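Here is what each chain is made of, one letter per residue.
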Amino acid sequence: MSPTPGRSYLAIPGPSVMPDAVLRAMHRAAPNIYEGELIELTASLIPDLNRVARSDGHVAIYISNGHGVWEAALANTLAPGDKVLVPATGRFGHGWAEMAVGLGGVPQILDFGKQAPVDMGAFEDALRGDTGHQIKAVLATHVDTSTSILNDIPAMRAVLNATGHPALLMVDCIASLACDRFEMDAWGVDVMVAASQKGLMVPPGLGFVFFNDKAASVRATQPRVSRYWDWTPRGNPEHFYQYFGGTAPTHHLYGLRAALDMIHAEGMEVVWARHAVLARAIWAAAEAWGQDGPLRLNVADPANRSHAVTALNLPAPHGTHLRKWLENNAGVTLGIGLGMAEPGDDAWHGYFRIGHMGHVNAHMILGMLGAIQAGLGALDVPHGIDALGAAAQVISEGTA
Ligand SMILES: *Cc1c(COP(=O)(O)O)cnc(C)c1O
């Protein structure tokens, strides 16, 4: 709980702020899981999830977090000994690669560091080097939540096509879905994983694997797939219990129904545009502060920045002090830096992140930025002037 009175803003990159409509939808007695409303409500989620993903393919829902669907996607497509190519732009690519190792997969990691997106030349070289097509899947991260790098997924599909490489293109959209533009079918993505607690505005606990017919045919060639992770019955259930391989996550489903209603009432294009404007407001403020002080955005080129999360550098110990100041004085909780320095190392205190995914609007973002400015002042951290004016101007122009 925030020690300050008033509404608090958990500005970490997931779990995100939950709309009251989502909370209200979940506040109910346990529903029957054998017949009645829940059965139809669950079926109604599938097309609306697909509309968020811009896909006409299959959806499997798991009672899990993002790590669970990392494993689910791999459990359906990899056999022990299979190679995967992992272009990593921060912590999360490595995390998915580790998941593959746990299933007997053999990752080839292309590490692009913590400040740059996937380099398509290096990606192409790796695919061309795989003359025997040993690589079964590319594990890409759309938005790496530790660095806030946005990767160019259509460009990766173009390289796969240009090289004639048959590997599945699997994309982690856990941070980006319903925040940054993502078009599964048009972009030629075969498998996409997402989770409930970020852009979808629902508590942690639901994981999603979207997969197309090509990925389903790869699944069909697997000699065996763990029963629980098998996406086949979940994606095409004959009986209701098969959606979840057991008892349904009843209240999460009601919450998700409410969240999808909100997203589609607003419209995907509008949702993406809102995130874009709010992200640009944050960047404008950060750039203004950095004009006359040490605060820096992690990603230099705006084209490579996510609209869902922003990673920043404020040299130790100021990063941690700023987070604490905001939590204790302003009702705003910023995210810790992730994967930028080892915990225990002094440098760890030089990073923080802002989550701006899902249920966020201009007054929350401007309030959060105002609180950061107050914190920089209170902590005597040098910073440039008129950051808030710059942020407000972005919002004025973005809504004109
Ligand atoms: C949050 C996140 C994950 C991990 O999700 P958990 O729910 O914490 O398991 C994986 N990848 C990305 C890009 C994320 O943002």
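Everything discussed here concerns the structure shown above.
A. Main features of the overall build of the protein. When helices and strands are tallied, the protein shows 13 helices and 14 strands. Against the globule reference of 21 Å for 400 residues, the protein gives a C-alpha radius of gyration of 21 Å, in line with a compact fold. Projecting the C-alpha coordinates of the protein onto the three principal axes gives extents of approximately 60 × 55 × 45 Å. The 400 residues of the protein split such that 56% are buried. Of the contacts formed within the protein by residues at least 6 apart in sequence, a portion of 72% connects residues at least 24 apart. Positive and negative charge centroids in the protein, built from 26 and 37 side chains respectively, lie 3 Å apart.

B. Representation of the sheet that holds strand β2 (residues 58-63) in the model. Spatial strand order, β2-β10-β9-β8-β5-β3-β4: seven strands in an open sheet with mixed pairing. In this open sheet, the two edge strands, each paired with only one partner strand, are β2 and β4 (106-111). Here the average twist between neighbouring strands, direction ignored, is 20°. Lying over the sheet, helix α7 (residues 213-221) contacts β2, β8 (168-172), β9 (191-195) and β10 (206-211), oriented at roughly 110° with respect to β8.

C. Expanded view of the pattern of salt bridges. Applying the stated criterion across every chain yields a total of 15 salt bridges. For R54, the salt bridge goes to E269, with nearest N and O atoms at 3.5 Å. Note that R54 is positioned in the loop between α2 (37-53) and β2 and E269 in helix α10 (residues 268-290), a separation of 215 residues in sequence. Given the relative accessible area of 40%, E269 is considered partly exposed. With a shortest N-O distance of 2.7 Å, E266 and R274 are connected by a salt bridge. Because the salt bridges share partners, they merge into one network encompassing D48, R51, R257 and D261.

D. Representation of the site of the ligand in the model. What surrounds the ligand is the set N65, G66, H67, W70, F92, V143, T145, D172, I174, A175, Q197 and K198. With respect to the ligand, the side chain of H67 contributes an N or O atom lying 2.5 Å from an oxygen atom. Contact with the protein chains covers 89% of the free accessible surface of the ligand, which is 380 Å². In terms of residue count, helix α3 (residues 66-75) provides more of the shell around the ligand than any other element does, three residues in total. Class assignment for the residues of the shell around the ligand results in five nonpolar, five polar and two charged.

E. The packing of helix α12 (residues 362-378) against helix α13 (residues 387-398), seen in detail. Contact geometry for α12 and α13: axes closest at 10 Å, N-to-C directions at 170°. It follows from the interaxial angle that α12 and α13 lie roughly antiparallel. For the crossing formed where α12 meets α13, the hand is right-handed. Across the interface between the two elements, A362, L366, L369, G370 and Q373 of α12 pack against A387, L388, A391, A392 and I395 of α13. Residues of the contact of α12 with α13, tallied by class, amount to eight nonpolar, two polar and no charged.

F. Spatial organisation of unusual backbone geometry. Here the residue pair G14 and P15 is connected by a cis peptide bond, since its omega of 0° sits within 30 degrees of zero. Here P15 lies in the loop between β1 (9-11) and α1 (20-26). The omega torsion of the bond from A316 to P317 falls at 0°, within 30 degrees of zero and hence cis. One can find P317 in the loop between β12 (309-313) and α11 (318-329).

Cut-offs used in this document
Residues numbered from 1 in each chain as written. Predicted model: local features only at pLDDT ≥ 70, side-chain atom pairs only at ≥ 80, totals over all residues. Heavy atoms only, no water. Helix = DSSP H or I, 4+ residues; strand = E, 2+ residues; numbered from the N terminus. Rg over C-alpha atoms; globule rule 2.2 N^0.38 Å. Buried < 20%, exposed > 50% of the residue type's maximum accessible area, 1.4 Å probe, protein only. Contact = heavy atoms within 4.5 Å. Lys, Arg positive; Asp, Glu negative; His and termini not counted. Charge placed at Lys NZ, Arg CZ, Asp CG, Glu CD. Pairing = 2+ DSSP bridges. Axes fitted to C-alpha atoms, helices over the stretch in contact; angles between N-to-C directions. Salt bridge = Lys/Arg side-chain N within 4 Å of Asp/Glu carboxyl O. Near = heavy atom within 4 Å. Polar contact = N/O pair within 3.5 Å; in protein donor to acceptor, adjacent residues only side chain to side chain. Areas by Shrake-Rupley, 256 points an atom, 1.4 Å probe, with all protein chains shown as cover. Nonpolar A, V, L, I, M, F, W, Y, C, P; charged D, E, K, R; others polar. Parallel < 35°, antiparallel > 145°, perpendicular 65-115°, else oblique. Left-handed = near helix turned anticlockwise from the far one by under 90°.

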